[in-house]
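Spelled out from the first residue to the last, the chains are:
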Amino acid sequence: MHARELFDIRTVLRKQGIIFAYSGPVTETVLSGVGEAIKQKLVIDDADTKTLRSVFAVFVEQMQNMIRYSAEKVPSSATESPFSEMRYGILTIGREGDNYVVHAGNLVAHSDVERLRERLGKIRSMNKEELRAVRKERLRGDPEEGSKGAGLGLMEIARRASKPIEFDFSDVDDEHAFFTLKAAV
């Protein structure tokens, strides 16, 4: 990539209010390191404690979703088995008016799109009290089928968001769609 091309990307990001962008393999180590940088940036921006905690929580949930569910795996050789589960995604944090916005994207299988769309639609329609009640109920029960965690990440994102979450899917090929999730804090 030439200097001009990278500068053009930087210009686009700045015009869109993006203060942080990451695209690449997503691991717990990346999550930890990037998380510290984001905390420092929010402190520099004088974000209040509640905002800092909410932005950080949404960031962590978005990254963990990519780590667990992205359909795009980073190629590795058979001898590198600890890295065979490295997934790929993109995440940005920006400003829109008075809000911080965490926007993440990754590939998902077409077979998962309708289930995910339905689940996100239900979550989007719930108010804070309903989200809290469902969260409490889920903590007492078993994880949802196909979940690689407690199944609470998307609800936690919606609960922390100051506006309803936004999501979208775009077909990429016969097997995959690109999934995006946006949360304003």
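Everything that follows concerns the structure shown earlier in this document.
Every residue gets a number counted from 1 within its own chain, in the order that chain's sequence is written. Residue-level local features of this predicted model are given only where pLDDT is at least 70; pairs of side-chain atoms are given and counted only at 80 or more, and the full residue set underlies all totals for whole chains, interfaces and linings. Where side-chain values are given, they derive from all heavy atoms of the structure, hydrogens and water being excluded.

### Structural notes on the overall build of the chain
(1) Moving on: Runs of H or I in DSSP of at least four residues are treated as helices and runs of E of at least two as strands, each being numbered from the N terminus. Looking only at helices and strands, the chain has 6 helices and 5 strands in total.
(2) Moving on: What you see in the chain, going N to C, is helices and strands ordered as α-β-α-α-β-β-α-α-α-β-β.
(3) Moving on: Think of it in three bands: with a 1.4 Å probe and only protein chains considered, a residue is buried below 20% of the maximum accessible area for its type, exposed above 50%, and partly exposed in between. For the chain, with 185 residues in total, the buried portion stands at 38%.

### What to know about the pairing of strand S4 (residues 166-171)
(1) Moving on: Taken together, the 6 bridges between S4 and strand S5 (residues 176-184) define a ladder with antiparallel strand orientation. Residue aspartate 168 lies in a different strand from S5, and its bridge partner there is threonine 180.
(2) Moving on: If you look at the hairpin formed by S4 and S5, you'll find 4 residues sitting between the two strands. Only strands that DSSP links by at least two bridges are regarded as paired with each other.

### Focus: the environment of threonine 27
(1) Moving on: Its location among the elements puts threonine 27 in the loop between strand S1 (18-26) and helix H2 (28-44).
(2) Moving on: Contacts: residue pairs with any heavy atoms within 4.5 Å of one another. Residues in contact with threonine 27, not counting those within four places in the same chain, are Ile67 and Met86.

### Looking at the packing of helix H4 (residues 110-125) against helix H6 (residues 153-160)
(1) Moving on: For helices, the axis comes from a line fit to the C-alpha atoms of the stretch in contact; other axes are also lines fit to C-alpha atoms, and the angle between any two N-to-C directions lies between 0 and 180 degrees. Where H4 contacts H6, the axes come no closer than 10 Å and their chain directions differ by 35°. Relative to H6, the crossing made by H4 is right-handed. Every residue of H6 that contacts H4 at Leu116, Arg119, Leu120 and Ile123 is listed here: Leu154, Met155 and Ala158.
(2) Moving on: Classes in brief: Ala, Val, Leu, Ile, Met, Phe, Trp, Tyr, Cys and Pro nonpolar; Asp, Glu, Lys and Arg charged; the others, Gly included, polar. The residue inventory of the contact of H4 with H6, partitioned by class, reads 6 nonpolar, no polar and 1 charged. Crossing handedness: left-handed means the near helix sits turned counterclockwise from the far one by under a right angle, and right-handed means the same turn made clockwise.

### Side note on the pattern of salt bridges
Oppositely charged side chains may form a pair once their charged atoms are brought near each other.
(1) Moving on: Salt-bridge detection follows one rule: a side-chain nitrogen of Lys or Arg within 4 Å of a carboxyl oxygen of Asp or Glu. Inspection of every chain in the model, using the stated rule, returns 10 salt bridges.
(2) Moving on: A salt bridge links arginine 135 to glutamate 156, with the shortest nitrogen-to-oxygen separation between them at 3.4 Å. Here arginine 135 is found in helix H5 (residues 128-140), whereas its partner glutamate 156 is found in helix H6, with 21 residues between them in sequence.
(3) Moving on: Given the relative accessible area of 30%, arginine 135 is considered partly exposed.
(4) Moving on: For glutamate 156, a relative accessible area of 10% puts it in the buried group.
(5) Moving on: Connected via shared salt-bridge partners are Arg135, Glu156, Arg159 and Arg160.

### Digging into the side chain of glutamine 64
(1) Moving on: Residue position: glutamine 64 is located in helix H3 (residues 49-69).
(2) Moving on: Residue classification places glutamine 64 among the buried residues on the basis of a relative accessible area of 17%.
(3) Moving on: Excluding residues that lie within four positions of it along the chain, glutamine 64 makes contacts with Glu28 and Leu31.

### Quick word on a nonpolar patch on the surface
(1) Moving on: Note that patches include only residues with greater than 30% relative accessible area and no salt bridge, and the join distances are 9 Å for like charges and 5 Å for nonpolar side chains (Val, Leu, Ile, Met, Phe, Trp, Tyr). In short, Shrake-Rupley with a 1.4 Å probe defines the accessible areas, and a residue's cover is counted only from the protein chains shown. A surface patch of nonpolar side chains, about 340 Å² in accessible area, is lined by Met1, Leu6 and Ile9.
(2) Moving on: Following the sequence through the fold, leucine 6 ends up in helix H1 (residues 3-15).

### With respect to H4
(1) Moving on: Helices are assigned an expected span. That span is 1.5 Å times one less than the residue count. Relative to the 22 Å expected for 16 residues at 1.5 Å per residue, H4 spans 23 Å between its end C-alpha atoms, a close match to the ideal helical length.
(2) Moving on: Those residues of H4 that sit buried are Val113, Leu116, Arg119, Leu120 and Ile123.
(3) Moving on: Buried residues along H4 sit in contact with strand S3 (99-109), H5, H6, S4 and S5.

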